[in-house]
Amino acid sequence: MDSIDLEVLKTCDQWLNLGRKCQLVTVIKTWGSSPRPEGATLAVCEGGHVVGSVSGGCVEDDLIDRVRREGIVRERPEIVTYGITADEAHRFGLPCGGTIQLVIEPLSAKSQIQELLQSLSQHQLVARRLDMATGEVTLGPATSGMHMQVSEHVLTTIHGPRWRLLIIGAGQLSRFLAQIAMGLDYLVTVCDPREEYRIGWSLPGVDIIHAMPDDLVVEMKLDARSAVVALTHDPKLDDLALMEALKSDAFYVGAIGSRANNAKRRERLKLFDVTETELARLHAPIGIHIGSKMPSEIAISILAELTAVKNGICVPQEMRIEHAKGLAKGVSTACGVD
């Protein structure tokens, strides 16, 4: 789950522990353009303090204003709709005719916020079932591919752990990649058994692990919210880790290197009984073609491709590194340049 929505849950837990009244607001449906997707959350407590967001700001302002004027008086969840008319759409900053539908849920011990956070800390995917008539909540396991379900009587939301990124190698490129990935809400782990690379490697919020990468890949039990990027240029470190990653449920597996070196890598991986189907999942050469040269630009190239895969977007062939560089070489040869 996104870190902003995790922050909402943690703040709700803190407010409840302090005995403060608060309510959780969840986006359940949108029509037209929307700054926040379905499932996005916001929490507001008595006094009008707020965390999270459900729109561009104007809906939040109205929710806060109502709490300040009326207090938190709901005793059970309620579905509220903003922006039905053009006037309301303009007032709340929604596109003309746009609509956003929310569930506003008063929280209490029966909301099971603390229990939900405990499950998320164990990297579990959880279905939270809210009884709209009573406010009672039950928690249960969710499976990959499950989505939020809304009815007149029950709201079921899916809460998963944060997206994870395992970076193999603690070089300069890894530092840039880790920094940008954290800004994209990834929980980042860097693995490198080489002490000379780990010395002085300190980036707040990033775990630097001394282990063989293939062992760590297995230990992490990579799921569909996990990505692996191999950046060491050392087959002894990259290849076995890639083999394990390609056999996992990781949504993205990539490796740095030239077209020639990646062709050799694919042949080596076949010797490890990696199937053609598994090899087809390998993004190598890694990234999309944006003319990147500097480590910071290469990191952007990598994360651009990773983000496209995460969002189910097919990267055009001409944007792939291998294809683009092949075309560039052909152009250079035609111009008499080696």
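Before going into details, it helps to say that this report is about the structure given with it. (Residues numbered from 1 in each chain as written. Predicted model: local features only at pLDDT ≥ 70, side-chain atom pairs only at ≥ 80, totals over all residues. Heavy atoms only, no water.)

### Some remarks on the nonpolar core
If you look at the biggest cluster of nonpolar residues, it comprises 25 residues, and the most contacted ones within it are Leu-165, Leu-177, Val-229 and Leu-306. Elements with a minimum of two residues in this core: strand E10 (164-168), helix H5 (172-183), strand E11 (187-191), strand E13 (226-230) and helix H11 (295-310). Setting aside chain neighbours within four positions, we find Leu-165 in contact with Leu-177, Ala-181, Tyr-186, Leu-187, Val-188, Thr-189, Ala-227, Val-228, Val-229 and Leu-306. With 22 residues, the next largest nonpolar core counts Ile-168, Leu-216, Leu-279 and Ala-284 among its residues. (Core = buried A, V, L, I, M, F, W, Y, C linked by side-chain atoms within 4.5 Å. Buried < 20%, exposed > 50% of the residue type's maximum accessible area, 1.4 Å probe, protein only. Helix = DSSP H or I, 4+ residues; strand = E, 2+ residues; numbered from the N terminus. Contact = heavy atoms within 4.5 Å.)

### Considering the pattern of salt bridges
One pass over the full model with this rule turns up 14 salt bridges. Of the charged contacts in the structure, one is a salt bridge between Lys-247 and Glu-278, with a shortest N-O distance of 3.2 Å. Taken together, the positions of Lys-247 in the loop between helix H8 (235-246) and strand E14 (252-255) and Glu-278 in helix H10 (residues 276-279) put the pair 31 residues apart, joining distant regions of the chain. With a relative accessible area of 41%, Lys-247 lands in the partly exposed category. Each member of the salt-bridge network shares a partner with another, and the members are Asp-238, Asp-239, Arg-265 and Arg-268. (Salt bridge = Lys/Arg side-chain N within 4 Å of Asp/Glu carboxyl O.)

### Focus on the sheet that holds strand E1 (residues 22-31)
Pairing between the strands of a sheet comes from backbone hydrogen bonds, and it takes one of two forms, parallel or antiparallel. The strand order across the open sheet formed by five strands is E3-E2-E1-E5-E4, and the pairing between neighbours is antiparallel. Each edge of the open sheet is held by one strand with a lone partner, namely strand E3 (50-52) and strand E4 (78-82). Each strand axis lies, on average, 25° off the axis of its neighbour in the sheet, ignoring direction. With five bridges joining them, E1 and strand E2 (residues 41-45) adopt antiparallel strand pairing. Bridge pairing in E2 places Val-25 opposite Leu-42. Relative to E2, helix H1 (residues 3-17) is tilted by about 25°, and along the sheet it contacts E1, E2 and E3. In the packing of helix H2 (residues 58-70) onto the sheet, the strands contacted are E1, E2, E3, E4 and strand E5 (99-106), and the crossing angle to E2 comes to about 25°. (Pairing = 2+ DSSP bridges. Axes fitted to C-alpha atoms, helices over the stretch in contact; angles between N-to-C directions.)

### Describing the packing of H5 against H11
Two elements in contact, H5 and H11, have axes whose closest approach is 8 Å; the angle formed by their N-to-C orientations is 50°. Classified by the angle their axes make, H5 and H11 are oblique. Both H5 and H11 take part in a crossing whose hand is right-handed. Contacts between H5 and H11 involve Gln-172, Leu-173, Phe-176, Leu-177, Ile-180 and Ala-181 from the first element and Pro-295, Ser-296, Ile-298, Ala-299, Ile-300, Ile-302 and Leu-303 from the second. Residues that form the contact of H5 with H11 fall into these classes: eleven nonpolar, two polar and no charged. (Parallel < 35°, antiparallel > 145°, perpendicular 65-115°, else oblique. Left-handed = near helix turned anticlockwise from the far one by under 90°. Nonpolar A, V, L, I, M, F, W, Y, C, P; charged D, E, K, R; others polar.)

### Topic: the packing of aromatic side chains
Tallied over the entire structure, the rule returns one aromatic pair. Summarising the aromatic geometry, the rings of Trp-163 and Phe-251 are spaced 5.3 Å apart at their centres and angled 85° between planes, so their arrangement reads as edge-to-face. On the criterion of sequence distance, the pair formed by Trp-163 in the loop between strand E9 (154-159) and E10 and Phe-251 in the loop between H8 and E14 is long-range, its members being 88 residues apart. No difference in accessibility class separates Trp-163 from Phe-251, as the two residues are buried. Its end group placed over the ring of Trp-163, Arg-225 keeps NZ or CZ at 5.2 Å from the ring centre. One cation-aromatic arrangement involves Lys-310 over Trp-163; the distance from NZ or CZ to the ring centre is 4.8 Å. (Phe/Tyr/Trp six-rings, centres within 6.5 Å; stacked < 30°, edge-to-face > 60°. Lys NZ or Arg CZ within 6 Å of the ring centre and 35° of its normal.)

### Focus: the packing of H8 against helix H9 (residues 259-271)
Any two packed helices are characterised by how steeply their axes cross, that is the angle between the axes, and by the distance between the axes. One can describe the packing of H8 onto H9 by two numbers: an axis separation of 10 Å at closest approach and a directional angle of 60°. Our classification of the angle between H8 and H9 gives oblique. Both H8 and H9 take part in a crossing whose hand is right-handed. Taking contact as the criterion, the partners of Pro-235, Asp-238, Asp-239, Leu-242, Met-243 and Leu-246 in H8 are, on H9, Arg-265, Arg-268 and Leu-269. When grouped by side-chain class, the residues that make up the contact of H8 with H9 number five nonpolar, no polar and four charged.

### What about the environment of Ala-284?
By the element assignment, Ala-284 lies in the loop between strand E15 (282-283) and H11. Separated by 28 residues in the primary sequence, Ala-284 and Ile-256 have C-alpha atoms spaced 6.4 Å apart.

### Quick notes on the pairing of E14
Burial along E14 is two-sided: the residues Tyr-252 and Gly-254 and Val-253 and Ala-255 are all buried. One ladder, built from four bridges, connects E13 with E14; its direction is parallel. Residue pairing across strands places Val-228 opposite Val-253, the latter belonging to E14. As paired elements, E14 and E15 share two bridges and run parallel to each other. Bridge pairing in E15 places Val-253 opposite Leu-282.

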